[in-house]
Every structure is written in C-alpha cells, then in structure tokens.
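Structure assessment
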Amino acid sequence: AIVNGFLALMTSHRVDHTLGFRSLSGVLRGQGGAFEALFADDDEVRTWRDRWLTAVPADPSIRLGVADGMDAVNPVHVPRNHLVEEALAAATAGDLAPLEALVDILRVPFERVPGDERYLLPAPDGWEGYMTFCGT
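A few points on the structure. (Residues numbered from 1 in each chain as written. Predicted model: local features only at pLDDT ≥ 70, side-chain atom pairs only at ≥ 80, totals over all residues. Heavy atoms only, no water.)

Our focus in this paragraph is the pattern of salt bridges. By the definition in use, this model includes 11 salt bridges. Between D104 and R107 there is a salt bridge, with the nearest N and O atoms lying 2.5 Å from each other. Look at D104 and you get partly exposed, because its relative accessible area is 44%. Classification of R107 as exposed rests on a relative accessible area of 59%. R112 is the partner of D116 in a salt bridge, and the nearest nitrogen-oxygen pair spans 2.8 Å. (Salt bridge = Lys/Arg side-chain N within 4 Å of Asp/Glu carboxyl O. Buried < 20%, exposed > 50% of the residue type's maximum accessible area, 1.4 Å probe, protein only.)

Here's what the structure looks like:
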C-alpha cells in the first residue's frame, strides 16, 4: 500500500520517477528539501510521508542504513531520452563531445559529480509520449 501510494503520488503530481525515488533517502536523513521541491505541500503528500516514516524504525542509525541502501539502488543519473537524442544528433553531425559527456556521467549512476545538473533534470515540455526503440 505504501509503494502503490507513492507511485500514485508521483503520477498525480507529475514527478519524475528517478528524482522521486532518489528524494526519499533525504527524507530519512532529515533532509527532505528535494522531496518537498518535487511534491506540492498538500495533505495527501504529508499523510503519505508520515505513514511511510512510521513504517521505518525511528532509530537514526537504522534510518541512515535504509537511506544508504536506497541510494545504492536508486540512481542519480539515467540515460534520459532527450540527452540521448542530443548526443546522437551531435555524433551524427561529427561532434562526439556530448556523447562522451553522457557516457562519462552514466559511468557513475549513483553519485553526484560536479557539473552534473543538466543530467538530473527530466525532459523539457514537449517530450511527453516520446518513444524509443531497441538499439537506441
């Protein structure tokens, strides 16, 4: 029920799944700023967050361990379609730099690195319904 509730919240608030799941570990660490920035401050979100927090033991060392475990399986960097398309278009035109930069960032999917801000963001408006194919 807790997982389904979170999936429903991400859908209703149009939250990027990669960013949404990654933000949860910050909540356990008492650093919920990323979570709060993604979700509107409403009763539904507060109720879900409080319910989730009661499901995790309050002991700080346990919460830190759970947060670390979550960070180990929820990546920061994923090959977002708009960035892949950008890199492919540049490579087709003879410029491999965007492709190399994307590959470099994807080598460390679970770690923040200096200058990675643009790789964290979901696709800009207009990419809804974008479809990719095997081999891309």
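All right, on to the layout of surface pockets then. It is the rolling of a water-molecule-sized probe over the atoms that shows where space remains empty. Roughly 360 Å³ of internal volume is contained in the second largest pocket. Considering the residues around the second largest pocket, the lining is formed by 15 residues, among which L19, R22, S23, A34 and R112 are closest to the centre. Those elements that place two or more of their residues in the lining of the second largest pocket are α2 (17-28) and α3 (33-38). At six residues, the largest contribution of residues to the lining of the second largest pocket is made by α2. Tallied by class, the residues present in the lining of the second largest pocket amount to seven nonpolar, five polar and three charged. (1 Å grid on protein atoms, 1.4 Å probe; cavity = no way out; pocket = protein on both sides within 12 Å on 5 of 7 lines; lining within 4 Å. Points joined across faces, edges and corners; volume = space filled by probe spheres on them. Helix = DSSP H or I, 4+ residues; strand = E, 2+ residues; numbered from the N terminus. Nonpolar A, V, L, I, M, F, W, Y, C, P; charged D, E, K, R; others polar.)

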